[in-house]
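# Architecture at a glance
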Amino acid sequence: MQLEDIEREAPVDFSVCDCPGQACYKYCLRGKGCTLGVLFETSTCVCFEWLTENGQAVPYRPELRYKAWPKRTVARLVEDGWWEPEPEPPDAVPASSSAQGG
């Protein structure tokens, strides 16, 4: 799913943010040194924003940060221990001197 598809499937109040960590998240997935903020789910996909890598905010533009994976893939990765869901929304995303908007 591309960013345009995510925007089309998103709830009415959804908007793309210039920097990671500025949206409202249902929950987080943590693992592999990264944090993903789950924005919403469709009937088949989990739509998320890639927030951090190795404890730092990712410097990537929205087209690279906003992703969607099939629900069955997310369920398998959680079951296999690659990702751990956390019910609490993420704390503030650490500032990164290399993070740039847009």
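Since we're looking at a predicted model, the values are computed, not measured.

Rules and cut-offs
- Residues numbered from 1 in each chain as written.
- Predicted model: local features only at pLDDT ≥ 70, side-chain atom pairs only at ≥ 80, totals over all residues.
- Heavy atoms only, no water.
- Helix = DSSP H or I, 4+ residues; strand = E, 2+ residues; numbered from the N terminus.
- Buried < 20%, exposed > 50% of the residue type's maximum accessible area, 1.4 Å probe, protein only.
- Contact = heavy atoms within 4.5 Å.
- Areas by Shrake-Rupley, 256 points an atom, 1.4 Å probe, with all protein chains shown as cover.
- pLDDT = per-residue confidence, 0-100.
- 1 Å grid on protein atoms, 1.4 Å probe; cavity = no way out; pocket = protein on both sides within 12 Å on 5 of 7 lines; lining within 4 Å.
- Points joined across faces, edges and corners; volume = space filled by probe spheres on them.
- Nonpolar A, V, L, I, M, F, W, Y, C, P; charged D, E, K, R; others polar.
- Salt bridge = Lys/Arg side-chain N within 4 Å of Asp/Glu carboxyl O.
- Core = buried A, V, L, I, M, F, W, Y, C linked by side-chain atoms within 4.5 Å.

### What about the overall build of the protein chain?
- If you tally the helices and strands in the protein chain, you get three helices and six strands.
- Along the chain direction, N to C, the helices and strands of the protein chain fall in the order α-β-β-β-β-α-β-α-β.
- By the burial criterion, 38% of the 102 residues in the protein chain qualify as buried.
- Counting only contacts in the protein chain whose residues sit at least 6 apart along the sequence, the fraction spanning at least 24 positions is 56%.
- Carbon and sulfur atoms provide 48% of the accessible area of the protein chain, an area that totals close to 6100 Å².

### Considering the confidence of the model for the protein chain
- Here the protein chain shows a mean pLDDT of 86. Residues at 70 or above account for 85%.
- Confidence scores differ between elements of the protein chain, with strand β4 (residues 56-57) showing the lowest mean pLDDT of 90 and helix α3 (residues 71-79) the highest of 97.
- Contacts of residues 96-102 to residues separated by more than four positions or lying in other chains number 11 contacts, the stretch itself having pLDDT below 50.

### Considering unusual backbone geometry
- The residue Lys-32 is not glycine, and still its phi comes out positive at about 55 degrees.
- Within the fold, Lys-32 resides in the loop between β1 (27-31) and β2 (34-41).
- Accessibility expressed as a relative area gives 58% for Lys-32, which makes it exposed.
- Notably, Asn-54 is not glycine yet its phi reads approximately 55 degrees, a positive angle.
- Mapped onto the elements, Asn-54 comes out in the loop between β3 (45-53) and β4.

### Here we look at the layout of surface pockets
- Roughly 190 Å³ of internal volume is contained in the largest pocket.
- Every residue along the wall of the largest pocket is listed here: Pro-11, Asp-13, Phe-14, Ser-15, Cys-17, Gln-22, Ala-23, Cys-24, Leu-39 and Phe-40.
- Grouping the amino acids of the lining of the largest pocket by side-chain chemistry returns seven nonpolar, two polar and one charged.

### Considerations on the pattern of salt bridges
- A complete count under the given rule lists five salt bridges for this structure.
- A salt bridge links Glu-49 to Arg-65; its shortest N-O distance comes to 2.9 Å. Here the residue Glu-49 occupies a position in strand β3, and Arg-65 occupies one in helix α2 (residues 62-65), the gap between them amounting to 16 residues. The burial state of Glu-49 is the same as that of Arg-65; both residues are buried.

### Comments concerning the nonpolar core
- Ranked by size, the top nonpolar core spans 14 residues in total, and within it Ile-6, Phe-14, Leu-39, Phe-40 and Tyr-66 carry the most contacts.
- Those elements giving two or more residues to this core turn out to be α1 (3-9), β2, β3 and β5 (66-70).
- The biggest single contributor to this core is β3, with three residues.
- If near-sequence neighbours (up to four positions away) are discounted, Tyr-66 is found in contact with Leu-3, Ile-6, Phe-14, Ser-15, Val-16, Cys-17, Leu-39, Phe-48 and Glu-49.

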